[in-house]
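For reference, the chains in residue letters:
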Amino acid sequence: MVSGSNGTTSFMTDFLQKCGGYSVVDGGFATELERHGADLNDPLWSAKCLVSSPHLVRKVHLDYLDAGANIIITASYQVPANIPAYMGVAFFLLSLLKRNNNICRLFNSMQATIQGFEAKGFSTEEAEALLRRSVEIACEAREIYYDRCMKDSCDFTGSGRISSHPVLVAASVGSYGAYLADGSEYSGDYGDAVSLETLKEFHRRRVLILANSGADLIAFETIPNKLEAKAYAELLEEEGITIPAWFSFNSKDGINVVSGDSILECASIADSCEQVVAVGINCTAPRFIHGLILSVRKVTSKPVIIYPNSGETYNAELKKWVESTGVRDEDFVSYIGKWRDAGASLFGGCCRTTPNTIKAISRVLSNKSLPSANLNIQM
Ligand SMILES: C[S+](C)CC[C@H](N)C(=O)O
Ligand SMILES: N[C@@H](CCS)C(=O)O
Ligand SMILES: [Zn+2]
(Lines give C-alpha, C1' and ligand atoms only; values in the text may rest on other atoms or scores of the structure.)
(Ligands and ions follow the chains in the order given, each with its own letter.)
Protein backbone atom coordinates (compact mmCIF):
# COMPACT_ATOMS: atom_id res chain seq x y z
CA MET A 1 0.00 0.00 0.00
CA VAL A 2 1.23 3.47 -0.87
CA SER A 3 1.98 5.64 2.14
CA GLY A 4 0.26 8.82 1.03
CA SER A 5 1.98 10.68 3.84
CA ASN A 6 2.29 14.42 3.31
CA GLY A 7 1.83 17.79 4.95
CA THR A 8 -1.95 17.84 4.73
CA THR A 9 -2.61 14.21 5.70
CA SER A 10 -3.48 15.02 9.27
CA PHE A 11 -6.17 17.51 8.22
CA MET A 12 -8.67 14.76 7.49
CA THR A 13 -7.50 12.27 10.09
CA ASP A 14 -7.75 14.98 12.77
CA PHE A 15 -11.20 15.91 11.54
CA LEU A 16 -12.34 12.28 11.55
CA GLN A 17 -11.08 11.91 15.08
CA LYS A 18 -13.09 14.97 16.15
CA CYS A 19 -16.17 13.40 14.56
CA GLY A 20 -15.68 10.17 16.47
CA GLY A 21 -13.88 8.19 13.75
CA TYR A 22 -16.38 8.54 10.91
CA SER A 23 -17.77 11.55 9.22
CA VAL A 24 -21.11 12.25 7.56
CA VAL A 25 -21.17 14.04 4.21
CA ASP A 26 -24.37 15.71 2.99
CA GLY A 27 -26.73 14.25 0.38
CA GLY A 28 -28.06 15.14 -3.08
CA PHE A 29 -27.98 18.89 -3.29
CA ALA A 30 -29.79 19.38 -6.57
CA THR A 31 -32.30 16.70 -5.58
CA GLU A 32 -33.26 18.64 -2.49
CA LEU A 33 -33.50 21.93 -4.40
CA GLU A 34 -35.87 20.21 -6.84
CA ARG A 35 -37.91 18.77 -4.00
CA HIS A 36 -38.46 22.37 -2.90
CA GLY A 37 -39.75 23.26 -6.36
CA ALA A 38 -36.62 24.51 -8.16
CA ASP A 39 -36.50 23.87 -11.92
CA LEU A 40 -32.92 22.85 -12.73
CA ASN A 41 -33.34 22.36 -16.46
CA ASP A 42 -30.58 24.86 -17.07
CA PRO A 43 -26.88 24.87 -18.08
CA LEU A 44 -26.00 25.90 -14.52
CA TRP A 45 -28.08 23.03 -13.05
CA SER A 46 -27.99 23.23 -9.22
CA ALA A 47 -26.00 26.49 -9.37
CA LYS A 48 -28.97 28.17 -11.04
CA CYS A 49 -30.39 28.65 -7.52
CA LEU A 50 -27.35 30.71 -6.48
CA VAL A 51 -28.85 33.36 -8.74
CA SER A 52 -32.57 32.68 -8.51
CA SER A 53 -33.03 31.56 -4.91
CA PRO A 54 -29.97 31.82 -2.63
CA HIS A 55 -32.28 31.48 0.40
CA LEU A 56 -33.18 27.98 -0.83
CA VAL A 57 -29.52 27.07 -1.22
CA ARG A 58 -28.96 28.14 2.40
CA LYS A 59 -32.01 26.20 3.54
CA VAL A 60 -30.87 22.99 1.85
CA HIS A 61 -27.43 23.30 3.49
CA LEU A 62 -29.15 23.81 6.85
CA ASP A 63 -31.43 20.82 6.30
CA TYR A 64 -28.38 18.64 5.74
CA LEU A 65 -26.66 20.06 8.83
CA ASP A 66 -29.79 19.36 10.87
CA ALA A 67 -29.79 15.83 9.45
CA GLY A 68 -26.29 15.29 10.88
CA ALA A 69 -23.89 16.20 8.06
CA ASN A 70 -20.34 17.10 9.12
CA ILE A 71 -19.43 18.20 5.62
CA ILE A 72 -21.58 20.36 3.35
CA ILE A 73 -20.75 20.65 -0.34
CA THR A 74 -21.29 23.99 -2.09
CA ALA A 75 -23.60 24.62 -5.05
CA SER A 76 -20.66 25.36 -7.40
CA TYR A 77 -20.62 21.96 -9.16
CA GLN A 78 -21.58 23.35 -12.55
CA VAL A 79 -20.23 26.93 -12.47
CA PRO A 80 -17.27 27.63 -14.76
CA ALA A 81 -15.12 30.64 -13.89
CA ASN A 82 -15.35 31.84 -17.45
CA ILE A 83 -15.84 30.61 -20.96
CA PRO A 84 -12.21 30.14 -21.95
CA ALA A 85 -10.94 31.79 -25.13
CA TYR A 86 -9.87 28.41 -26.50
CA MET A 87 -13.50 27.36 -26.51
CA GLY A 88 -14.37 30.22 -28.83
CA VAL A 89 -11.61 29.23 -31.25
CA ALA A 90 -12.39 25.50 -30.92
CA PHE A 91 -16.04 26.27 -31.46
CA PHE A 92 -15.27 28.05 -34.73
CA LEU A 93 -13.00 25.25 -35.99
CA LEU A 94 -15.48 22.57 -35.00
CA SER A 95 -18.22 24.38 -36.85
CA LEU A 96 -16.12 23.97 -40.03
CA LEU A 97 -15.61 20.25 -39.39
CA LYS A 98 -18.88 19.15 -37.97
CA ARG A 99 -19.71 16.61 -40.64
CA ASN A 100 -17.96 13.99 -38.51
CA ASN A 101 -20.38 12.47 -35.97
CA ASN A 102 -18.19 12.79 -32.87
CA ILE A 103 -17.25 16.33 -33.72
CA CYS A 104 -20.90 17.08 -34.35
CA ARG A 105 -21.77 15.86 -30.86
CA LEU A 106 -19.04 17.95 -29.24
CA PHE A 107 -20.09 20.95 -31.31
CA ASN A 108 -23.70 20.64 -30.22
CA SER A 109 -22.90 20.40 -26.52
CA MET A 110 -20.47 23.32 -26.69
CA GLN A 111 -23.05 25.34 -28.56
CA ALA A 112 -25.68 24.59 -25.92
CA THR A 113 -23.35 25.54 -23.11
CA ILE A 114 -21.98 28.72 -24.62
CA GLN A 115 -25.40 29.87 -25.72
CA GLY A 116 -26.82 29.05 -22.30
CA PHE A 117 -24.27 31.21 -20.57
CA GLU A 118 -24.47 34.01 -23.09
CA ALA A 119 -28.23 33.98 -22.85
CA LYS A 120 -27.86 34.41 -19.13
CA GLY A 121 -25.60 37.37 -19.79
CA PHE A 122 -22.88 36.28 -17.35
CA SER A 123 -19.62 38.13 -17.52
CA THR A 124 -16.44 36.50 -16.25
CA GLU A 125 -16.65 38.66 -13.12
CA GLU A 126 -20.22 37.56 -12.47
CA ALA A 127 -19.40 33.88 -12.89
CA GLU A 128 -16.49 34.31 -10.48
CA ALA A 129 -18.70 36.11 -7.98
CA LEU A 130 -21.13 33.20 -8.19
CA LEU A 131 -18.39 30.77 -7.23
CA ARG A 132 -17.48 32.88 -4.18
CA ARG A 133 -21.14 33.28 -3.28
CA SER A 134 -21.63 29.52 -3.24
CA VAL A 135 -19.04 29.25 -0.46
CA GLU A 136 -20.38 32.29 1.42
CA ILE A 137 -23.87 30.80 1.52
CA ALA A 138 -22.59 27.47 2.85
CA CYS A 139 -20.56 29.32 5.51
CA GLU A 140 -23.66 31.37 6.44
CA ALA A 141 -25.64 28.14 6.87
CA ARG A 142 -22.91 26.78 9.14
CA GLU A 143 -22.98 29.96 11.23
CA ILE A 144 -26.76 29.77 11.58
CA TYR A 145 -26.45 26.12 12.56
CA TYR A 146 -23.77 26.87 15.18
CA ASP A 147 -25.82 29.78 16.55
CA ARG A 148 -28.84 27.57 16.90
CA CYS A 149 -26.79 24.94 18.69
CA MET A 150 -25.38 27.62 20.97
CA LYS A 151 -28.90 28.77 21.84
CA ASP A 152 -29.90 25.20 22.52
CA SER A 153 -26.67 25.07 24.58
CA CYS A 154 -25.55 21.84 22.99
CA ASP A 155 -21.98 20.59 23.13
CA PHE A 156 -19.86 23.72 22.92
CA THR A 157 -16.31 23.92 24.13
CA GLY A 158 -14.99 26.98 26.00
CA SER A 159 -13.56 28.37 22.75
CA GLY A 160 -17.03 28.64 21.27
CA ARG A 161 -16.37 25.79 18.82
CA ILE A 162 -18.88 23.04 18.63
CA SER A 163 -17.34 19.86 19.98
CA SER A 164 -19.46 16.95 18.90
CA HIS A 165 -20.55 18.18 15.51
CA PRO A 166 -17.72 19.94 13.70
CA VAL A 167 -18.61 21.11 10.19
CA LEU A 168 -16.48 21.60 7.10
CA VAL A 169 -17.45 23.48 3.95
CA ALA A 170 -16.27 21.67 0.81
CA ALA A 171 -16.21 23.71 -2.41
CA SER A 172 -17.57 21.58 -5.24
CA VAL A 173 -15.71 21.36 -8.53
CA GLY A 174 -17.66 19.38 -11.10
CA SER A 175 -15.90 17.89 -14.11
CA TYR A 176 -15.59 19.43 -17.56
CA GLY A 177 -18.30 16.95 -18.55
CA ALA A 178 -20.63 18.48 -15.96
CA TYR A 179 -20.08 21.92 -17.47
CA LEU A 180 -20.99 20.57 -20.92
CA ALA A 181 -24.41 19.91 -19.34
CA ASP A 182 -25.02 16.87 -21.54
CA GLY A 183 -24.39 14.14 -18.99
CA SER A 184 -20.75 13.66 -20.12
CA GLU A 185 -19.72 13.18 -16.50
CA TYR A 186 -21.35 9.74 -16.83
CA SER A 187 -19.32 8.75 -19.92
CA GLY A 188 -16.02 10.56 -19.39
CA ASP A 189 -15.77 10.61 -23.16
CA TYR A 190 -14.48 14.06 -24.08
CA GLY A 191 -13.11 13.08 -27.51
CA ASP A 192 -9.58 13.63 -28.78
CA ALA A 193 -10.01 17.39 -28.99
CA VAL A 194 -9.81 17.71 -25.21
CA SER A 195 -6.26 17.38 -23.87
CA LEU A 196 -4.68 17.55 -20.42
CA GLU A 197 -3.88 21.22 -21.09
CA THR A 198 -7.48 21.93 -22.17
CA LEU A 199 -8.74 20.56 -18.87
CA LYS A 200 -6.14 22.41 -16.81
CA GLU A 201 -7.00 25.71 -18.46
CA PHE A 202 -10.71 25.06 -18.08
CA HIS A 203 -10.39 24.42 -14.33
CA ARG A 204 -7.50 26.73 -13.37
CA ARG A 205 -9.36 29.94 -12.60
CA ARG A 206 -12.21 28.39 -10.63
CA VAL A 207 -9.89 26.22 -8.57
CA LEU A 208 -7.91 29.36 -7.67
CA ILE A 209 -11.08 31.24 -6.78
CA LEU A 210 -12.48 28.43 -4.66
CA ALA A 211 -9.13 27.86 -2.96
CA ASN A 212 -9.27 31.48 -1.75
CA SER A 213 -12.97 31.61 -1.00
CA GLY A 214 -12.94 30.63 2.67
CA ALA A 215 -13.90 27.00 2.00
CA ASP A 216 -12.15 24.40 4.15
CA LEU A 217 -11.38 22.10 1.25
CA ILE A 218 -12.13 21.46 -2.40
CA ALA A 219 -14.35 18.56 -3.46
CA PHE A 220 -13.36 17.37 -6.93
CA GLU A 221 -16.50 15.36 -7.59
CA THR A 222 -17.83 12.88 -10.13
CA ILE A 223 -14.43 12.60 -11.86
CA PRO A 224 -15.09 10.44 -14.92
CA ASN A 225 -11.60 9.74 -16.27
CA LYS A 226 -7.89 9.58 -15.56
CA LEU A 227 -7.07 12.63 -17.67
CA GLU A 228 -9.19 14.91 -15.52
CA ALA A 229 -7.72 13.47 -12.30
CA LYS A 230 -4.26 14.19 -13.68
CA ALA A 231 -5.31 17.71 -14.65
CA TYR A 232 -6.56 18.41 -11.10
CA ALA A 233 -3.41 16.97 -9.50
CA GLU A 234 -1.11 19.02 -11.75
CA LEU A 235 -3.17 22.16 -11.20
CA LEU A 236 -3.05 21.85 -7.42
CA GLU A 237 0.69 21.50 -7.57
CA GLU A 238 1.40 24.17 -10.22
CA GLU A 239 -0.73 26.74 -8.46
CA GLY A 240 0.63 25.90 -5.02
CA ILE A 241 -2.89 25.41 -3.68
CA THR A 242 -2.64 25.04 0.08
CA ILE A 243 -6.16 24.06 1.06
CA PRO A 244 -6.83 20.31 1.09
CA ALA A 245 -8.94 18.50 -1.48
CA TRP A 246 -10.69 15.21 -2.08
CA PHE A 247 -10.87 13.34 -5.37
CA SER A 248 -14.07 11.40 -5.92
CA PHE A 249 -14.63 9.25 -9.01
CA ASN A 250 -17.75 7.69 -10.50
CA SER A 251 -18.24 4.23 -11.93
CA LYS A 252 -20.94 2.27 -13.70
CA ASP A 253 -19.49 -1.23 -13.42
CA GLY A 254 -17.80 -1.36 -10.03
CA ILE A 255 -14.43 -2.04 -11.65
CA ASN A 256 -13.44 1.02 -13.64
CA VAL A 257 -14.40 4.68 -13.62
CA VAL A 258 -17.12 5.57 -16.13
CA SER A 259 -14.70 6.23 -19.01
CA GLY A 260 -13.30 2.70 -18.66
CA ASP A 261 -10.05 3.95 -17.07
CA SER A 262 -8.86 1.81 -14.18
CA ILE A 263 -10.01 2.94 -10.73
CA LEU A 264 -6.63 1.75 -9.44
CA GLU A 265 -4.79 4.16 -11.75
CA CYS A 266 -7.19 7.00 -10.97
CA ALA A 267 -6.95 6.51 -7.21
CA SER A 268 -3.15 6.28 -7.51
CA ILE A 269 -3.06 9.73 -9.08
CA ALA A 270 -5.05 11.01 -6.11
CA ASP A 271 -2.76 9.19 -3.70
CA SER A 272 0.34 10.83 -5.18
CA CYS A 273 -1.10 14.32 -4.87
CA GLU A 274 -0.01 16.03 -1.66
CA GLN A 275 -3.11 18.15 -1.20
CA VAL A 276 -5.49 15.22 -1.49
CA VAL A 277 -6.76 14.22 1.95
CA ALA A 278 -9.44 11.71 0.93
CA VAL A 279 -10.10 9.56 -2.13
CA GLY A 280 -13.31 7.87 -3.10
CA ILE A 281 -16.44 7.36 -5.11
CA ASN A 282 -19.62 9.39 -5.60
CA CYS A 283 -22.73 9.44 -7.80
CA THR A 284 -22.41 5.71 -8.39
CA ALA A 285 -24.99 2.98 -7.78
CA PRO A 286 -24.76 1.54 -4.24
CA ARG A 287 -24.30 -2.02 -5.52
CA PHE A 288 -20.84 -1.11 -6.87
CA ILE A 289 -19.53 0.67 -3.80
CA HIS A 290 -18.16 -2.24 -1.77
CA GLY A 291 -15.83 -3.49 -4.53
CA LEU A 292 -14.72 0.03 -5.34
CA ILE A 293 -13.77 0.77 -1.73
CA LEU A 294 -11.60 -2.38 -1.73
CA SER A 295 -9.95 -1.26 -4.98
CA VAL A 296 -9.27 2.26 -3.74
CA ARG A 297 -7.81 0.85 -0.53
CA LYS A 298 -5.30 -1.18 -2.56
CA VAL A 299 -3.54 1.96 -3.73
CA THR A 300 -3.95 4.48 -0.94
CA SER A 301 -4.00 4.71 2.81
CA LYS A 302 -5.71 8.10 2.69
CA PRO A 303 -9.23 8.16 4.15
CA VAL A 304 -11.85 6.79 1.76
CA ILE A 305 -14.98 8.82 1.06
CA ILE A 306 -18.15 7.41 -0.49
CA TYR A 307 -21.39 9.15 -1.37
CA PRO A 308 -23.39 6.98 -3.76
CA ASN A 309 -26.48 8.05 -5.67
CA SER A 310 -29.79 6.20 -5.43
CA GLY A 311 -28.90 3.75 -8.21
CA GLU A 312 -31.14 5.43 -10.75
CA THR A 313 -29.93 6.52 -14.20
CA TYR A 314 -29.64 10.11 -15.40
CA ASN A 315 -31.23 11.07 -18.70
CA ALA A 316 -29.27 14.15 -19.74
CA GLU A 317 -31.63 15.09 -22.56
CA LEU A 318 -34.65 15.22 -20.29
CA LYS A 319 -32.50 16.31 -17.34
CA LYS A 320 -34.36 13.73 -15.27
CA TRP A 321 -33.48 10.62 -13.30
CA VAL A 322 -35.09 7.41 -14.48
CA GLU A 323 -35.63 4.53 -12.15
CA SER A 324 -33.53 1.51 -13.06
CA THR A 325 -35.06 -1.93 -13.08
CA GLY A 326 -33.68 -4.97 -11.32
CA VAL A 327 -31.72 -3.94 -8.25
CA ARG A 328 -33.25 -1.91 -5.46
CA ASP A 329 -30.56 0.52 -4.38
CA GLU A 330 -32.53 3.18 -2.61
CA ASP A 331 -32.14 1.58 0.82
CA PHE A 332 -28.36 1.74 0.58
CA VAL A 333 -28.11 2.95 4.15
CA SER A 334 -28.40 -0.70 5.14
CA TYR A 335 -24.94 -1.27 3.64
CA ILE A 336 -23.13 1.42 5.62
CA GLY A 337 -21.73 -1.15 8.06
CA LYS A 338 -20.34 -3.24 5.23
CA TRP A 339 -18.76 -0.20 3.58
CA ARG A 340 -17.30 0.88 6.93
CA ASP A 341 -15.80 -2.60 7.38
CA ALA A 342 -14.36 -2.42 3.85
CA GLY A 343 -12.45 0.69 4.93
CA ALA A 344 -14.48 3.80 4.16
CA SER A 345 -14.62 6.57 6.76
CA LEU A 346 -16.63 9.39 5.18
CA PHE A 347 -20.21 8.56 4.17
CA GLY A 348 -22.91 10.56 2.45
CA GLY A 349 -25.25 10.51 -0.50
CA CYS A 350 -25.20 11.97 -3.98
CA CYS A 351 -27.98 12.54 -6.51
CA ARG A 352 -31.50 11.44 -5.47
CA THR A 353 -30.61 11.04 -1.82
CA THR A 354 -32.20 13.36 0.75
CA PRO A 355 -31.80 14.64 4.33
CA ASN A 356 -33.65 11.49 5.43
CA THR A 357 -30.87 9.40 3.92
CA ILE A 358 -28.28 11.46 5.75
CA LYS A 359 -30.22 11.25 9.01
CA ALA A 360 -30.24 7.47 8.71
CA ILE A 361 -26.50 7.33 7.92
CA SER A 362 -25.78 9.57 10.87
CA ARG A 363 -27.85 7.35 13.12
CA VAL A 364 -26.07 4.18 11.94
CA LEU A 365 -22.63 5.68 12.47
CA SER A 366 -23.34 7.00 15.93
CA ASN A 367 -24.65 3.62 17.07
CA LYS A 368 -21.35 1.87 17.64
CA SER A 369 -22.94 -1.35 18.84
CA LEU A 370 -24.69 -2.11 15.57
CA PRO A 371 -23.65 -5.19 13.61
CA SER A 372 -21.41 -4.75 10.59
CA ALA A 373 -23.66 -5.31 7.61
CA ASN A 374 -27.30 -5.19 6.56
CA LEU A 375 -28.40 -2.94 9.36
CA ASN A 376 -31.82 -2.52 7.77
CA ILE A 377 -32.30 1.08 8.67
CA GLN A 378 -35.40 2.60 7.14
CA MET A 379 -34.89 6.01 5.59
C1 LIG B 1 -24.56 15.02 -11.70
S2 LIG B 1 -25.52 15.26 -13.15
C3 LIG B 1 -27.12 14.83 -12.68
C4 LIG B 1 -25.53 17.01 -13.23
C5 LIG B 1 -26.31 17.57 -14.33
C6 LIG B 1 -25.69 17.42 -15.68
N7 LIG B 1 -24.31 17.87 -15.70
C8 LIG B 1 -26.51 18.20 -16.65
O9 LIG B 1 -26.30 19.40 -16.82
O10 LIG B 1 -27.40 17.62 -17.25
N1 LIG C 1 -22.79 17.91 -5.68
C2 LIG C 1 -23.56 17.95 -6.90
C3 LIG C 1 -23.83 16.61 -7.53
C4 LIG C 1 -22.64 15.90 -7.94
S5 LIG C 1 -22.99 14.53 -8.98
C6 LIG C 1 -24.90 18.63 -6.62
O7 LIG C 1 -25.82 17.98 -6.15
O8 LIG C 1 -25.00 19.83 -6.89
ZN1 LIG D 1 -24.53 13.05 -8.10
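The structure presented is a predicted model; accordingly, all values stated were derived computationally and were not measured.

Before going further, it helps to examine the site of ligand 2. Near ligand 2 you find Phe-29, Ala-30, Trp-45, Ser-46, Tyr-77, Glu-221, Thr-222, Cys-283, Cys-350 and Cys-351, and these make up its full shell. Interatomic distance of 3.3 Å between a backbone N/O atom of Phe-29 and an oxygen atom of ligand 2. Taking Glu-221, its side chain carries an N or O atom lying 3.0 Å from a nitrogen atom of ligand 2. Burial of ligand 2 by the surrounding chains reaches 96%, relative to a free accessible area of 280 Å². Elements with a contribution of two residues or more to the shell around ligand 2: α2 (29-35) and β4 (217-223). Looking at the shell around ligand 2, its residues break down into 7 nonpolar, 2 polar and 1 charged.

Around the zinc ion (ligand 3), the donor atoms from the protein are Cys-283 (SG), Cys-350 (SG) and Cys-351 (SG), and they sit 2.2 to 2.4 Å away. Considering all 4 donor atoms around the zinc ion (ligand 3), angles at the metal cover 96 to 129° and the coordination shape is tetrahedral.

Before going further, it helps to spend a moment on the site of ligand 1. Looking at ligand 1, the residues that line it are Trp-45, Tyr-77, Gln-78, Ala-178, Ala-181, Glu-185, Tyr-186, Tyr-314, Lys-319, Trp-321 and Cys-351. Between Ala-178 and ligand 1, the recorded distance is 3.4 Å, taken from a backbone N or O atom to a nitrogen atom. For ligand 1, an oxygen atom lies 2.6 Å from a polar atom in the side chain of Lys-319. Relative to its unbound accessible surface of 320 Å², ligand 1 loses 99% to contact with the protein. In the shell around ligand 1, the residues fall into 8 nonpolar, 1 polar and 2 charged.

To continue, consider the pairing of strand β7 (residues 304-307). Residues Val-304 and Ile-306 line one face of β7 and the alternating positions Ile-305 and Tyr-307 line the opposite face, and both faces are buried. Pairing between strand β6 (residues 276-282) and β7: 4 bridges, direction parallel. Within β7, the position partnered with Val-279 by the bridge is Val-304. Relative to strand β10 (residues 344-347), β7 is paired through 3 bridges, and the arrangement is parallel. Within β10, the position partnered with Val-304 by the bridge is Ala-344.

Thresholds, definitions, all that
- Residues numbered from 1 in each chain as written.
- Chains lettered and ligands numbered in written order.
- Predicted model: local features only at pLDDT ≥ 70, side-chain atom pairs only at ≥ 80, totals over all residues.
- Heavy atoms only, no water.
- Near = heavy atom within 4 Å.
- Polar contact = N/O pair within 3.5 Å; in protein donor to acceptor, adjacent residues only side chain to side chain.
- Areas by Shrake-Rupley, 256 points an atom, 1.4 Å probe, with all protein chains shown as cover.
- Helix = DSSP H or I, 4+ residues; strand = E, 2+ residues; numbered from the N terminus.
- Nonpolar A, V, L, I, M, F, W, Y, C, P; charged D, E, K, R; others polar.
- Donors = N, O, S within 2.8 Å, 3.2 Å for Na, K, Ca; no water.
- Tetrahedral: all angles 85-135°; square planar, octahedral: opposite > 155°, others 65-115°.
- Buried < 20%, exposed > 50% of the residue type's maximum accessible area, 1.4 Å probe, protein only.
- Pairing = 2+ DSSP bridges.

All we've got here are geometric facts, nothing functional implied.
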